[in-house]
Amino acid sequence: MKSLEELKALREKMKSQVEIREDDANALRVVVGMATCGIAAGARPVLTAFSNGVQERGLRGVSVVQTGCIGLCQYEPIVEIHAAGGEKTTYVQVTADMVDEIIAQHIVNGKPVNKYTIEAQRIG
Amino acid sequence: MMTEISLNILDIAQNSIRAEASLIEITVAADSSTDNLTVILKDDGCGMTDEQIAKATDPFFTTRTTRDIGLGVPFFKYSAELTGGAFTLLSTPGKGTEVTAVYKLSSIDRMPLGDMTETIHSLVVYNGHIEFLYKYSVDDRSFTLDTREFKEVLGEDVSFAEPEVSAYVKEYLTENKTEVDNGVIL
């Protein structure tokens, strides 16, 4: 069984780093819809892909958070990216395969991936 | 429609989060002697009135305002009943809610349990202000994840969302689950 002993060691190792991290303002928020509609449409792997992608690239000031249903169930999984300046981009019918491109183009380089946004995908 | 029981659990736990629970207990217990896979979600959230309980399994009922149907509880209920199992919902306003779904393990209509590690990991990491007590058991073997114990070690200033902690939570869930079920897919 994995015990909490290792967590204690990890805690010691992290002590010095925490203060630095707290200085990072949350400049950008990635919001993933995780209500019944989102989960049924496949939001869990999308959430994981964003979270892993942000961690692997060591991106600072990016937070990945969950939200409930925003009322556009037919477009789920929906991911909103709220930039520091307040502008919001809504990605719809997101799959885990699209996440790397969104992180690279939008989060890192600041250019929304227009082909995946709600404006490009209007359904009926 | 959910394709894994673990997705139902993730979904039903969101109800507890919306009910402003401070502690959510999730139990997944497989017992081959009774052929039952029992899933219990218990919270100390705002609870439901008798009228709300009666309506909760109706797909055309929801308390949210962004849409007017609520499929979470009905999906969960029917997925269990479809296997010859059972479903109960107990709730007291101001005290909390307990949802129990019992699946027949050997039923061909039972969905796979799916990725419980992913479900619990995303609940714990993205809801740092809520305590989770997760118990996973197969026959007489079990393990527990209690976020209160984790927080005791970590202190208040270290978040579960820190990459190192998040990775540790995932390892803890993965390794202990394998020890309990020997990697057998439920």
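Residues numbered from 1 in each chain as written. Chains lettered and ligands numbered in written order. Predicted model: local features only at pLDDT ≥ 70, side-chain atom pairs only at ≥ 80, totals over all residues. Heavy atoms only, no water.

Colleague: Is there a simple way to think about the sheet that holds strand β2 (residues 62–67) of chain A in this case?
Modeller: Strand-to-strand pairing in sheets goes through backbone hydrogen bonds, with the strands running parallel or antiparallel. All names here are of chain A. If you trace the four strands from one edge of the open sheet to the other, you get β2-β1-β3-β4, paired in mixed fashion. The open sheet terminates on both sides in strands that have one partner only, identified here as β2 and β4 (88–91). With strand direction ignored, the average angle separating the axes of adjacent strands in the sheet is 20 degrees. Direction of pairing for strand β3 (residues 79–82) relative to β4: antiparallel, over a ladder of four bridges. Bridging from a neighbouring strand, His82 pairs with Lys88 of β4. Helix-sheet contacts for helix α3 (residues 43–56) involve β1 (28–33), β2 and β3, and the interaxial angle to β2 is about 165 degrees. (Pairing = 2+ DSSP bridges. Helix = DSSP H or I, 4+ residues; strand = E, 2+ residues; numbered from the N terminus. Axes fitted to C-alpha atoms, helices over the stretch in contact; angles between N-to-C directions. Contact = heavy atoms within 4.5 Å.)

Colleague: Help me out: how do you make sense of the interface of chain B and chain A in this one?
Modeller: In many reports, interface size means the accessible area that the parts give up when they come together. Facing the 43 residues of chain B at the interface are 32 residues of chain A. Buried area between chain B and chain A, summed over both chains or domains, comes out near 3200 Å², and the portion from carbon and sulfur atoms is 59%. Between chain B and chain A we count three salt bridges in total. A salt bridge links Glu4(B) to Arg44(A), with the shortest nitrogen-to-oxygen separation between them at 2.8 Å. Linking chain B with chain A are 14 residue pairs in polar contact (both at pLDDT 80 or more), by the criterion used here. (Buried area = accessible area lost by both parts, 1.4 Å probe. Salt bridge = Lys/Arg side-chain N within 4 Å of Asp/Glu carboxyl O. Polar contact = N/O pair within 3.5 Å; in protein donor to acceptor, adjacent residues only side chain to side chain.)

Colleague: What should I look at first to understand the confidence of the model for chain B in this one?
Modeller: A low pLDDT score tells you not to read the predicted coordinates there in detail. A residue-level look at chain B finds 99% of positions with pLDDT of 70 or above and a mean pLDDT of 93. Confidence estimates for the predicted assembly give a pTM of 0.90 and an ipTM of 0.87. (pLDDT = per-residue confidence, 0-100.)

Colleague: For this particular structure, what's the right way to read the sheet that holds strand β6 (residues 141–146) of chain B?
Modeller: Residue and element names in this part refer to chain B. Spatially, β3-β4-β2-β1-β5-β6 is the arrangement adopted by the six strands of the open sheet, whose pairing is mixed. The two strands at the open ends of the sheet, each matched to only one other strand, are β3 (86–92) and β6. Across this sheet, the average inter-strand angle for adjacent strands is 5 degrees, counted without regard to direction. Bridge analysis of strand β2 (residues 36–43) against strand β4 (residues 96–104) gives eight bridges, and the strand direction is antiparallel. In the strand pairing of β4, Ile40 is matched with Thr100.

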